Amino acid sequence: MSHRTCREGVHDPGAQRLISSHLTSEGVIFYLHCSCGSWLIKTAAPFDVITTTIPN
């Protein structure tokens, strides 16, 4: 996947590396780093998943 695609907000799951995760009272938080340089923060609660991208 090209860096151009990543800039459009679509990140290849195969290009993401899990850096850290921890359990909270509301679910799990995952910190991932994409090969394009962006950081992704994903939360997984029992009924929803929220993704936040921090551009490089």
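Residue positions are given per chain, counting from 1 as you read along its sequence in written order. Totals for whole chains, interfaces and linings use every residue, but because this is a predicted model, local features are given only for residues with pLDDT of at least 70 and side-chain atom pairs only at 80 or more, for both listing and counting. Side-chain numbers come from the whole structure's heavy atoms, not from hydrogens or water.

Student: So what's going on with the overall build of the protein? Which residues, and what values?
Tutor: Secondary structure summary: the protein contains one helix and four strands in total. Along the protein, helices and strands appear, N-terminal first, in the series α-β-β-β-β. Think of it in three bands: with a 1.4 Å probe and only protein chains considered, a residue is buried below 20% of the maximum accessible area for its type, exposed above 50%, and partly exposed in between. Taken over 56 residues, the protein has a buried fraction of 21%. Long-range pairs, those at least 24 residues apart, make up 12% of the contacts in the protein with a sequence separation of at least 6. Helix numbering and strand numbering both begin at the N terminus, where a helix is a DSSP run of H or I of at least 4 residues and a strand a DSSP run of E of at least 2. Whether two residues touch is decided by their heavy atoms; if any such pair falls within 4.5 Å, the residues are in contact.

Student: Give a detailed account of the environment of Ser38, specifying residues and quantitative values.
Tutor: The residue Ser38 is located in the loop between β2 (27-34) and β3 (39-44) in this model. Distance from Ser38 to His11, taken between C-alpha atoms, is 9.1 Å for residues 27 residues apart in sequence.

Student: Break down the pairing of strand β1 (residues 16-24) for me, with residues and values.
Tutor: Two strands pair when backbone bridges link them, and β1 and β2 are joined in this way by eight bridges, in the antiparallel orientation. Residue pairing for β2: Thr24 is matched across the bridge by Gly27. Strand pairing follows a simple DSSP-based rule, namely that at least 2 bridges must link the two strands. Following β1, the chain reverses through two residues before pairing antiparallel with β2.

Student: A description of the environment of Leu40 should follow, citing residues and the corresponding values.
Tutor: Here Leu40 is to be found in strand β3. Separated by 21 residues in sequence, Leu40 and Ile19 have C-alpha atoms that sit 10.0 Å apart.

The analysis is restricted to geometry; functional conclusions fall outside its scope.
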